[in-house]
Amino acid sequence: MLKTLRPGHPRLIGTAKALEHARRAIATDPLAKEWHARLKAEGDRILLESPVEHALIGPRLLDKSVRALSRVYTLALLYRLDGDRRYFERARRELLTVCAFPDWNPSHFLDVAEMTHAAAIGYDWLYPDLSAEDRAVIRRAIVELGLRPAAAAYRNRAWWIAVNHNWNQVCNGGITIGALAVADEEPDLAAYIVGNAVRNLPKAMESYAPDGGWAEGPGYWTYATVYNVYLLAALESALGTDFGLSKAKGFAQTALFRLQFEGPDGLLFNFADANDRAGATPALFWLAQRFRQPTAAWLERREVTTPHALDLLWFQPAGPSPDAAKQPLDAYYKGINAAFFRSSWTDPKATSLAFKGGDNKANHSHLDLGTFVLDALGRRWAVDLGRDDYNLPGYFGKQRYTYYRLKTEGHNTLTVDGANQPSKAKAPIVAFSSRPERAFAVADLSQAYGGKALRGVALLNRRDALIQDEVTLKEPAETLWTMHTPGEILVDGPHASLKLGGAVLYATILSPAGARFESLPTLERAEERHNQGIRRLAVRVAAATTVRIAILLSPSATASAEVTPLDRW
């Protein structure tokens, strides 16, 4: 594995060639120059802060590992770019502090991986200026607190080694970067680590297949993908090869998935444990360059507020906007059963409708098959509430689906007799069409409710959203249609208007006849995150075995639509 190891340091990502690329960008591109200034401002702020402490929040040291990693990248790059010893000394102080910790919290191995990554980048990038004593201290910590616990995990087949989600990429990625940093001094241990990572990473990368979607939602797309890129970039810089890993099916398209799950107002379709804003990730620059997708570079240049060091090392020139690149207005991701529709890439007041079937077994998933979000008039009208506090009792255990934001009733879907969808249910998208006047997707929710259940969503004339459900239950049951909204709800029988920031969205019940809208509160408990300003627009259908609910949502008070059976869509 190590026969092609680059001799000397630095060998991890920030090689002399990458540093020269950053310097050229700063000298020739006004945006790179501005980012360099912002990075220096961030470095100056870090100079005034104390190093991280070994203090857990719940079972995690992760926030300290993440902070140390960010600081080391920032300070080490600034020193290498500008030669300012203040940045070197502050980075050295951070490194020696974390390397004196008793452990990096191996019971939650993400913490170990991120801290190993931090120590490795500092060791590698600052190696020429570190004393022999400092090198020994940092190298010993990488080996004893990072690599040896990882080797034990590989020998014992720890659960995270070959899973299909972010833990695989983060743990294998961070540890491998540590192994490559000390590979010339610990060749046997490093080869064992790198070999295991290269064998097991494909298990996670298979999750991008076939089209680049990511079932853990947008937040964990960012976390998983940036670590995937860290690992590939480190392998290439240190060994001259990524062993073919970047050829995994769907990986070349995943930057476009990031593009699709952001609405015209900058808010994400934040299904699973995600917030509604993701921000930038330098992985977009790497993906743009590797797979010749300059629109990914356009997105990163637009998203950055506080640049990462790798935004300069991987800096890319301005690419075409999605509109200029003729990106389709609609997209279907078969691997995760999600669909996205919009009226425009350029209009900030465009209508945007995002919808998922999905798999309730996916890591970080909520019980939300059939949920959707809706943007129009520059506002988000149908919201996903996102994640709750990870430190709530049993959040990743038996109590997970007792919390409102994770329960079925906490999403924009159907609830039957107040029950959760089964945690093992799946909902494939069984129909998808993209036409200017009518774009739609239909998901089979039968596993979610028993019997037969379909939900179709359509974007009509690139303006109006139609949500239509057809359910046949085995026993009579009450069905509740729910949409969470920050809008002020005014109900008038089968009609409702939602008011938000001076804009109005109109809702109409097309089916069943006689149904009426309700305005309901959210039902979180005191210990859960409060859903301030959110209410539920709801339609309740009394106990029945056969139900069809069709709701039209439009910026126009006079909008109308014909109800046709979903099997005729």
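First, a word on what this report is: a plain description of the structure on this page. (Residues numbered from 1 in each chain as written. Predicted model: local features only at pLDDT ≥ 70, side-chain atom pairs only at ≥ 80, totals over all residues. Heavy atoms only, no water.)

## Considering the pattern of salt bridges
- Summed over the entire model, instances satisfying the criterion amount to 36 salt bridges.
- A salt bridge links Arg 525 to Glu 527, with the shortest nitrogen-to-oxygen separation between them at 3.2 Å.
- For Glu 527, a relative accessible area of 47% corresponds to the partly exposed category.
- Linked by salt bridges that have partners in common, Glu 42, Arg 45, Glu 49, Arg 71, Arg 90 and Glu 94 make up one network. (Salt bridge = Lys/Arg side-chain N within 4 Å of Asp/Glu carboxyl O. Buried < 20%, exposed > 50% of the residue type's maximum accessible area, 1.4 Å probe, protein only.)

## A look at the pairing of strand 13 (residues 488-492)
- Here strand 13 pairs with strand 14 (residues 495-500) via 5 bridges, running antiparallel. Directly across from Glu 488, in strand 14, lies its bridge partner Lys 499.
- Where strand 13 folds back on strand 14, the antiparallel hairpin that results is connected by 2 residues, among which Gly 493 adopts a positive phi of roughly 60°. (Pairing = 2+ DSSP bridges. Helix = DSSP H or I, 4+ residues; strand = E, 2+ residues; numbered from the N terminus.)

## Topic: the nonpolar core
- In this structure, Leu 12 and Trp 104 are the most contacted members of the largest nonpolar core, which totals 138 residues.
- The greatest single-element share of this core, amounting to 15 residues, is contributed by helix 9 (residues 218-239).
- Once residues lying within four places of it in the same chain are set aside, the contact partners of Trp 104 are Leu 61, Val 98, Cys 99, Asp 111, Val 112, Met 115, Thr 116, Ala 119, Ala 141, Ile 142, Leu 145 and Gly 146.
- By size, the runner-up hydrophobic cluster in this structure holds 48 residues, among which are Ala 382, Ala 439, Val 539 and Ile 551. (Core = buried A, V, L, I, M, F, W, Y, C linked by side-chain atoms within 4.5 Å. Contact = heavy atoms within 4.5 Å.)

## Some words on the environment of Leu 201
- Turning to its location among the elements, Leu 201 is positioned in helix 8 (residues 187-205).
- On the basis of relative accessible area, Leu 201 is assigned to the buried category, the value being 0%.
- Those residues in contact with Leu 201 that lie beyond four places of it in its chain are Asn 168, Gln 169, Asn 228, Leu 231 and Leu 245.

## Points about unusual backbone geometry
- A cis amide bond links His 9 with the next residue in sequence, Pro 10, at an omega value of 0°.
- Looking at the secondary structure, you find Pro 10 in the segment before helix 1 (16-28).
- Following Ala 209, the chain continues to Pro 210 via a peptide bond in cis, the omega torsion being 0°.
- In this structure, Pro 210 sits in the loop between helix 8 and helix 9.

## Here's the deal with the sheet that holds strand 1 (residues 331-333)
- The strand order across the open sheet built from 5 strands is 1-2-3-5-6, with neighbouring strands paired in antiparallel fashion. Among the strands making up the open sheet, the edge pair consists of strand 1 and strand 6 (379-382). With direction set aside, neighbouring strand axes in the sheet form an average angle of 15°.
- Relative to strand 5 (residues 372-376), strand 3 (residues 352-356) runs antiparallel, the two being bridged by 4 bridges. (Axes fitted to C-alpha atoms, helices over the stretch in contact; angles between N-to-C directions.)

## Looking at the packing of aromatic side chains
- On inspection of all chains with the given rule, the structure shows 33 aromatic pairs.
- With a centroid separation of 6.3 Å and an interplanar angle of 85°, the aromatic rings of Tyr 154 and Tyr 192 are classed as edge-to-face. Remark: Tyr 192 occurs in helix 8 and Tyr 154 occurs in helix 6 (residues 132-155); sequence separation between them is 38 residues.
- Note on Trp 286 and Phe 291: the rings are 6.4 Å apart at their centroids and 80° apart in plane angle, and the pair reads as edge-to-face. The exposure classification of Trp 286 matches that of Phe 291, with both residues buried.
- Ring pairs connect the aromatic residues Trp 221, Phe 257, Phe 261, Phe 269, Phe 271, Tyr 333 and Phe 340, which therefore count as one cluster.
- Its guanidinium or amino end placed over the ring of Trp 345, Arg 342 lies 3.9 Å from that ring's centre, counting from NZ or CZ.
- Across from the ring centre of Tyr 390, 3.8 Å away, lies the NZ or CZ of Arg 387, which sits over that ring. (Phe/Tyr/Trp six-rings, centres within 6.5 Å; stacked < 30°, edge-to-face > 60°. Lys NZ or Arg CZ within 6 Å of the ring centre and 35° of its normal.)

## Quick look at the packing of helix 3 (residues 62-82) against helix 4 (residues 85-99)
- Between helix 3 and helix 4, the shortest axis-to-axis distance is 8 Å and the interhelical angle comes to 150°. If you check the angle between helix 3 and helix 4, you find them roughly antiparallel. By crossing handedness, the relation of helix 3 to helix 4 is classed as left-handed. Of the residues in helix 4, those touching helix 3 at Ala 68, Arg 71, Val 72, Leu 75, Leu 78 and Tyr 79 are Arg 85, Tyr 87, Phe 88, Arg 90, Ala 91, Glu 94, Leu 95 and Val 98. (Parallel < 35°, antiparallel > 145°, perpendicular 65-115°, else oblique. Left-handed = near helix turned anticlockwise from the far one by under 90°.)

Keep in mind these values describe shape, not function.
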